[in-house]
Structure formats: C-alpha cells, structure tokens
Amino acid sequence: MEGCPFCIKAKSFLMEKGIRFSEIKVHPGSKEWAQMQQKTGMRIPPQILDGDEPIGNYSDLVNAYATGKLTEKPGLISTLYDVIIIGGGPAGLSAALYAARKILKTLLISQDIGGQVIYTYDLNNYLGFSQIEAADLIAKFKEHVEKYGLEKQVGKKVTSLDLTGKIKKVTSDDGKTYFSKSLIIATGKRPRPLNVPGERELIGKGVAYCSTCDAPLFGGADVAVIGGGNSALEAVLDLDKVANKIYMVSLTELTGDPITMDKVKKSSKVKIYTQYDVTRIIGSSSVEGVEIKSLNTGEIQKLDVEGVFIEIGLLPNSDLVIDILSTNKFGEILIDNMCKTGIAGVFACGDVTNVPFKQVIIAAGDGAKASLAAYNYLISQR
Amino acid sequence: MAKIKIYTSPKCPHCKMLKEFLSKKKIDYIAYDVATDKEALKEMINISDGVRSVPVISLCDKVIVGFNQGSLEEELTKCLGTGA
Ligand SMILES: Cc1cc2nc3c(=O)[nH]c(=O)nc-3n(C[C@H](O)[C@H](O)[C@H](O)COP(=O)(O)OP(=O)(O)OC[C@H]3O[C@@H](n4cnc5c(N)ncnc54)[C@H](O)[C@@H]3O)c2cc1C
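Keep in mind the model is a prediction, meaning the values are calculated, not measured.

Participant: I'd like a description of the site of the ligand, backed by residues and values.
Facilitator: Residue and element names in this part refer to chain A. Taken together, 31 residues surround the ligand, and among them Asp112, Gln116, Val158, Asp351 and Val360 come closest. At a separation of 3.1 Å, an oxygen atom of the ligand approaches a polar side-chain atom of Ser110. If the ligand stood free it would expose 1000 Å²; the protein chains cover 86% of that surface. Looking at the shell around the ligand, the elements that each hand over two or more residues are α4 (90-101) and α9 (360-381). Each residue belonging to the shell around the ligand can be placed in one class, and the counts come to 11 nonpolar, 14 polar and six charged.

Participant: How would you explain unusual backbone geometry if you had to name every residue and give the values?
Facilitator: The omega torsion of the bond from A:Pro45 to A:Pro46 falls at 0°, within 30 degrees of zero and hence cis. One can find A:Pro46 in the loop between α2 (31-40) and β1 (48-50). Phi is positive for A:Ile103, close to 55°, though the residue is something other than glycine. Tracing the backbone through its elements, the reader meets A:Ile103 in the loop between α4 and β4 (106-110). Positive phi is not limited to glycine here, since B:Cys60 has a value of about 45°. Looking at the element boundaries, B:Cys60 is found in the loop between β3 (56-59) and β4 (62-65). Here B:Cys60 falls in the partly exposed class, since its relative accessible area comes to 42%.

Participant: Could you give an account of the packing of aromatic side chains, with specific residues and numbers?
Facilitator: What the rule picks out here adds up to nine aromatic pairs over all chains. Consider the rings of A:Tyr247 and A:Tyr273, whose centres lie 6.2 Å apart with planes at 45°: the pair is tilted. One end of the pair, A:Tyr247, is in strand β14 (residues 245-250); the other, A:Tyr273, is in strand β15 (residues 270-274), and 26 residues separate them in sequence. When its relative accessible area of 9% is taken as the criterion, A:Tyr273 is described as buried. Plain terms: the ring middles of B:Phe21 and B:Phe67 are 5.6 Å apart, the flat faces sit at 50° to each other, and that makes the pair tilted. With B:Phe21 in helix α1 (residues 13-24) and B:Phe67 in the loop between β4 and α3 (69-80), this residue pair connects regions lying 46 residues apart in the sequence. The residues B:Phe21 and B:Phe67 share a single accessibility class, namely buried. Ring-pair connections join several aromatic residues into one group, and the members of that group are A:Tyr126, A:Phe129 and A:Phe141. Stacked on the ring of A:Tyr375, the Lys or Arg A:Lys102 has its end atom at 4.6 Å from the ring centre.

Participant: Run through the packing of α4(A) against helix α5 (residues 134-146) of chain A, naming residues and quoting values.
Facilitator: Residue and element names in this part refer to chain A. The N-to-C vectors of α4 and α5 enclose an angle of 25°; their axes lie 9 Å apart at closest approach. By the criterion of interaxial angle, the relationship of α4 to α5 is roughly parallel. For the element pair α4 and α5, the recorded crossing hand is left-handed. In contact with Pro90, Leu93, Ala96 and Leu97 of α4, α5 contributes Phe141, His144 and Val145. Broken down by class, the residue content of the contact of α4 with α5 amounts to six nonpolar, one polar and no charged.

Participant: For the environment of A:Ala344, give the residues involved together with the corresponding values.
Facilitator: All names here are of chain A. Its location among the elements puts Ala344 in the loop between β20 (314-316) and β21 (346-348). Here Ala344 falls in the exposed class, since its relative accessible area comes to 54%. Spatially, the C-alpha atoms of Ala344 and Leu163 are 9.3 Å apart, while their sequence positions differ by 181 residues. In this structure, Ala344 is in contact with Lys168 and Tyr377, ignoring residues within four places of it in sequence.

Calculation criteria
Residues numbered from 1 in each chain as written. Chains lettered and ligands numbered in written order. Predicted model: local features only at pLDDT ≥ 70, side-chain atom pairs only at ≥ 80, totals over all residues. Heavy atoms only, no water. Near = heavy atom within 4 Å. Polar contact = N/O pair within 3.5 Å; in protein donor to acceptor, adjacent residues only side chain to side chain. Areas by Shrake-Rupley, 256 points an atom, 1.4 Å probe, with all protein chains shown as cover. Helix = DSSP H or I, 4+ residues; strand = E, 2+ residues; numbered from the N terminus. Nonpolar A, V, L, I, M, F, W, Y, C, P; charged D, E, K, R; others polar. Buried < 20%, exposed > 50% of the residue type's maximum accessible area, 1.4 Å probe, protein only. Phe/Tyr/Trp six-rings, centres within 6.5 Å; stacked < 30°, edge-to-face > 60°. Lys NZ or Arg CZ within 6 Å of the ring centre and 35° of its normal. Axes fitted to C-alpha atoms, helices over the stretch in contact; angles between N-to-C directions. Parallel < 35°, antiparallel > 145°, perpendicular 65-115°, else oblique. Left-handed = near helix turned anticlockwise from the far one by under 90°. Contact = heavy atoms within 4.5 Å.

Listed below in structure tokens is the structure:
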C-alpha cells in the first residue's frame, strides 16, 4: 500500500536477503484488499504470504527468517548453491575444480586469486614443475578452474557467516548474502603484524611484508628485518644484494635452515640483534627508523632505517568462525581427515586448518578432499 | 602515448599479473623497473606520496598502489572510457 513504511521495510528486507517475492498492491475497499483479508484474516498491510500460507506482518517476516523457517524452503531463495567456497588460494581453487567437475552449483568468493602464492617469486616443489614462477602457476590454476565455467566473486571479502540453519548464509563486504547447502572454508593465512605504533600507518611507505617484491626498492638504503626464522633469513638475503646495511632484530635466537643462517652470518652488511623486541616504527610520511628494546637490559635504542621488513610468521584467517568452530591454540580450524569441522555441511581445508606442513601441494590436495567430502555430504542429504 | 605508467620490480608476482592483465585487455602501458631505474623509483615515490612498494599504477590523474583487478577495472573505465 502507498504510504506504508512497513511495506517498504518488508520489501527491502526480502531484497537484501535474496528472497524472491511478488508484490500485490492493495488499498482499502479494493478487490486485492478483500483478498488479503480473506487469506490472512488481517486488515493491516503488509501481509506476507509464502504461497498461500500467511507468514504475518513485517516483524513476523523477520522472525521467520531468523528462525530459519524461510531459508529452509529452497524455492524462496534467489539462488541456492550446493557449495560456496571462501578463498581463492590453492586450496579454494582445487576445491572449486573438484566441485565443478562433480557438476555442483558452486560459488567461489575471494579477495584475490592466488592467495599467499602471490608473495613468492617462484616454486621448485610443486609436482610436475621443477621451477615455475608463482604468477604462471596461478595463471595455470585459474585457467584450469575456469574451463568448467566457475561462478566467482573476486575482490570481495566475506564479513560474516550464519551456520545455524541447514542452509548456510555467507555475507560479503558489499552487503550481499549468498545461500548454500554446504560451505568450504579455504581462507588460508596472512602475514602476522607486529602490532606496534607506526606499523599500520606506514605500510607500503617503508613497512613491508613481501621481500621478494619490495627488497629491490631499497638499493643503497639501511633497513631492518624483524624476525628470526627462515622467512626472515630469506628476506635478509634478498636485501643483502641491494641494501647498504641490514639490521636483523629477533626476540629469540635465530632458527632456520643452517645453510641460509650461515650465509646471513657471513655477510658483512648484516648486524644481528637477538633477544630484542620492536617497540615502535618511526616516521611521518615514510619510515625513518625503528625503536628496539633489549629483553635483557631493557635498554631502548633507535636504528635509523628507511625500510622495515616484517617476517614474524603467519596468522590463520579464521576470525569469521573463531567463536563458531573449534580451533587450536594458533587459531587454526580443527578438521578431521575428511576436512569436516564440528558443523555438518561445513568443511575447511588448506593453511587455515590444523593440517600439518603448509605447502601449495598440500593445500591443493586438501581442497580436493574437502570438495569430495562436501559432495558425499550433499548426496547423504538427498 | 600510453596513458598508463606502471612501476614494477622484476620478481614481483603482482607486477607480472598486472602486466598480463593489461596486455590481455590490449591496454597500452609503459613499465618502469624501479629495481634498476633510480629516476623512476624517485618519480614513483614522489607521485605516490612516499610509497615504496610495487606495483604502483599511474593512470589519468590517479595513483593506485597494488594490483586489485576489481578496483583497477573501475579506474580504467573512468580513465579510458567504457569498454576498457
Ligand atoms: C613467502 C612465501 C613463500 C612460500 N613458498 C612456498 C613454496 O616455495 N612452496 C610451497 O609449496 N608453498 C610455499 N608457501 C606456502 C603456500 O603459499 C601456502 O601453503 C598455500 O598458499 C596455502 O594455500 P591456501 O589456499 O590454504 O591459503 P592461501 O594461499 O592463504 O589463500 C587464502 C585465500 O583466501 C582468501 N581469503 C581470506 N580471507 C577471506 C575472506 N574473509 N573473504 C574472502 N576471501 C578471503 C585470500 O584472499 C586468499 O585468496 C609459501 C608461502 C609464503 C608466504
């Protein structure tokens, strides 16, 4: 009806939730008004009906949605996927390939295609390729998956999940909600931040997490590498080729591959600070220095550097489900050998899980497994 | 002359993906290797207000840091007109 705020609310609610509807306009005394009264016993619009079954007014509609009554009726939802895959790294792409080959109605949602593989120059341990550039491997993955006409939303971040009903709801940062009978979480990992003042503000302005990409931009400069493991050692070696002086700052003694460690220790450009913590990154429009503190003496000193490479490990992208699914102390989603999580129809795979050894080939294998397990689940639900 | 300049480094996968994306769309661009071209590095830092991370893309009056296909597509359409 015209001039009815709850009619407008009901329509935008249905639209936002992707629920199909048709609108019958009524005004007092009309044939449609009489019909409404006859079908619902009510005289005040809006009245919402599912087929011939009255749901009620706007707040009844919201309630029916919240309790899952509406979404449990597949016909009502604009598209109901068999499986939604979150993440476009090796695990998600492999899951997508297997799902597509099983002719499942599949949607892949990801912020990017490639995942962590984009942060490395080349790989020497992916079966079938003795040496391949990361960009080429990703292109091959993409081409293979696209052969099956995969539906995807790239550049979108999933911001919330509703896993309470049988139909899973996935909402992305553009406000859209998608519905699916099963879900595969393949959100991988991201670089762990230091969480010190100055870090966020100066990302890209001297603060870097990808030495492969950005080391060559620090020719002749003094720089710091934070971390004491293999990736930090690799970053030092990337910088050793171009930088003037490299400070390596680590909370602990250095750990990592002995050959790499040896190379780092032999370089005359490198000065190592172990048992030191970073307290602050200094700079207004770009990095000018880093403040470090000795764990033994508490003494603080400033290193004058133009770049700070942060290589202190990775964090699982499990924030979406941290309160819903079981995770281990690292925040990795616990799965069994069928990639099952604690919720029926919700699977996880790759680096975001407790699967040991984080490698491309392992993530890809795991993604295939998650997809086959989702397929079995869907068959069992028929 | 190409309206688009990109600043890249040789081993950066994002840079390679960006170049392939532009070539596929048949968009002309000039690429600078800031690992060896110091003048280009200076220019990149200048136009981007201090950015020292690749790739940096300069198109029309805009400077974009990083390669994100979705947002780049939007900017390309704005800069080059529809059909980009
Ligand atoms: C520097 C470096 C070098 C490496 N070198 C090698 C190597 O030589 N060999 C090897 O085998 N492995 C290597 N690895 C490890 C390998 O890259 C990972 O094991 C692999 O990428 C894991 O795949 P994944 O799909 O599980 O996760 P990821 O690759 O992390 O992919 C996760 C995906 O999920 C997306 N995502 C996350 N959260 C959301 C959200 N909320 N909404 C939407 N999308 C989201 C991300 O954008 C990304 O596309 C390296 C890793 C790094 C960092």
